[in-house]
Amino acid sequence: MTEALVFLVRSVAELFVIFVLLRLVMQTLRADFRNPFAQVVLQITSPLIIPARRILPPIGKIDTATIAVAVAVEFALLLFINWISGGYSGFGALLLYSALRCVSLLIWLLIAVLFLYVLLSWINTGYNPVTALVQSLAEPLLSPIRRIIPPLGGIDFSAMALILLLMALNIIIRTELPALLL
């Protein structure tokens, strides 16, 4: 019974964190928030982010409230899992692991966006709100890579190169960084 409860709570919490991180990426890359899918992301995340913005103002272009909400939800999830399992971890360790987990989820989100971008580039269905949003998120990420790796023979390898780099970074974050910080 407890495994099922942990599964449900973890699934809902991490899905919410992914939406919060998607909102952060959309803000950072200046995606069109009039997009219907972007409106869904705003509606899901605003109940926690708007009150957090009253407490945590942005630092320059960094939306600290959105980052804090993502880490706080992940932290609450880890506290819940520790409580259910009877384990104990220190406050600092849980907070650090929450932040690293958010970075890892962000990387997986970017990989998913790039993968969708590649898939959708093969299928031209006209205008679609999800396709428009994916393009507005992927293009700013890929343009610096395209300067280094131009299309070869009409084939663009920039998405594959960036996905490989992001996966390598995620491996470093999951394995090497926690070992260095302990």
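What you see is a predicted model, and the numbers here were worked out from it, not measured in a lab.

1. A look at the environment of Ile-67
With respect to the helices and strands, Ile-67 occurs in helix H3 (residues 64-85). For Ile-67, a relative accessible area of 36% corresponds to the partly exposed category. C-alpha separation for the pair Ile-67 and Cys-102, spaced 35 residues apart in sequence, amounts to 8.7 Å. Once residues within four sequence positions are removed from consideration, Ile-67 is found in contact with Leu-24 and Ile-62.

2. Quick look at the confidence of the model for the protein chain
Close inspection of predicted coordinates is inappropriate for parts of the model with low pLDDT. Averaged over the protein chain, the pLDDT score is 89; the fraction of residues at 70 or greater is 97%. Taking the mean pLDDT of every element in the protein chain, the minimum, 84, falls on helix H6 (residues 158-181) and the maximum, 94, on helix H2 (residues 36-55).

3. Observations concerning the nonpolar core
Ranked by size, the top nonpolar core spans 44 residues in total, and within it Val-17, Met-26, Val-69, Leu-114, Leu-137, Leu-142 and Leu-166 carry the most contacts. Contributions of two or more residues to this core are made by helix H1 (2-28), H2, H3, helix H4 (91-122), helix H5 (129-148) and H6. Filtering out sequence-adjacent residues up to four positions away, Val-69 remains in contact with Phe-16, Val-20, Leu-48, Ile-49 and Ala-52.

4. Quick look at a nonpolar patch on the surface
Together, Trp-108, Leu-152, Ile-155, Phe-157, Met-160, Leu-164 and Met-167 line one region of the surface with nonpolar side chains, adding up to about 660 Å² of accessible area. At three residues, the largest contribution of residues to the nonpolar patch is made by H6. Checked against the element boundaries, Leu-152 lands in the loop between H5 and H6.

5. Regarding H3
Compared with an ideal rise of 1.5 Å per residue, which puts 22 residues at 32 Å, H3 spans 31 Å between its outermost C-alpha atoms and is within 8% of the ideal. Two residues or fewer after H3 comes Gly-86, characterised by a positive phi angle close to 80°.

6. Digging into unusual backbone geometry
For Arg-30, which is not glycine, the phi dihedral falls at a positive 55°. If you trace the backbone, Arg-30 turns up in the loop between H1 and H2.

7. Side note on the pattern of salt bridges
With the rule as written, the count across this model stands at six salt bridges. Between Arg-34 and Asp-32 there is a salt bridge, with the nearest N and O atoms lying 3.0 Å from each other. On the basis of relative accessibility, which here comes to 70%, the residue Arg-34 falls in the exposed class. When the shortest N-O distance is used, the salt bridge between Asp-63 and Arg-53 registers 2.7 Å.

8. Focus on H2
A rise of 1.5 Å per residue sets the reference length of H2, with its 20 residues, at 28 Å; its end C-alpha atoms lie 28 Å apart and thus fit the reference within 8%. In the structure, H2 departs most strongly from a straight axis at Ser-46, where the bend amounts to approximately 65° and where the proline Pro-47 lies between one and four residues downstream. Among all positions of H2, only Ala-38, Val-41, Leu-42, Thr-45, Ser-46, Ile-49 and Ala-52 are buried. Contacts from the buried residues of H2 go to H1, H3 and H5. Looking at where H2 begins, the residue whose side-chain oxygen comes 2.8 Å from the main-chain nitrogen of Phe-37 is Asn-35.

9. Things to note about the environment of Ile-81
Along the chain, Ile-81 falls in helix H3. You can call Ile-81 buried: its relative accessible area is 16%. It is 8.9 Å that separates the C-alpha atoms of Ile-81 and Val-9, two residues lying 72 residues apart in sequence. When near neighbours in sequence (up to four residues on either side) are disregarded, Ile-81 contacts Val-6 and Arg-10.

Conventions used here
- Residues numbered from 1 in each chain as written.
- Predicted model: local features only at pLDDT ≥ 70, side-chain atom pairs only at ≥ 80, totals over all residues.
- Heavy atoms only, no water.
- Helix = DSSP H or I, 4+ residues; strand = E, 2+ residues; numbered from the N terminus.
- Buried < 20%, exposed > 50% of the residue type's maximum accessible area, 1.4 Å probe, protein only.
- Contact = heavy atoms within 4.5 Å.
- pLDDT = per-residue confidence, 0-100.
- Core = buried A, V, L, I, M, F, W, Y, C linked by side-chain atoms within 4.5 Å.
- Patch = residues over 30% accessible without salt bridge, like charges linked within 9 Å, V, L, I, M, F, W, Y side chains within 5 Å.
- Areas by Shrake-Rupley, 256 points an atom, 1.4 Å probe, with all protein chains shown as cover.
- Salt bridge = Lys/Arg side-chain N within 4 Å of Asp/Glu carboxyl O.
- Expected span 1.5 Å × (residues − 1).
- Bend = angle between axes of the 7 residues up to and from the residue.
- Polar contact = N/O pair within 3.5 Å; in protein donor to acceptor, adjacent residues only side chain to side chain.

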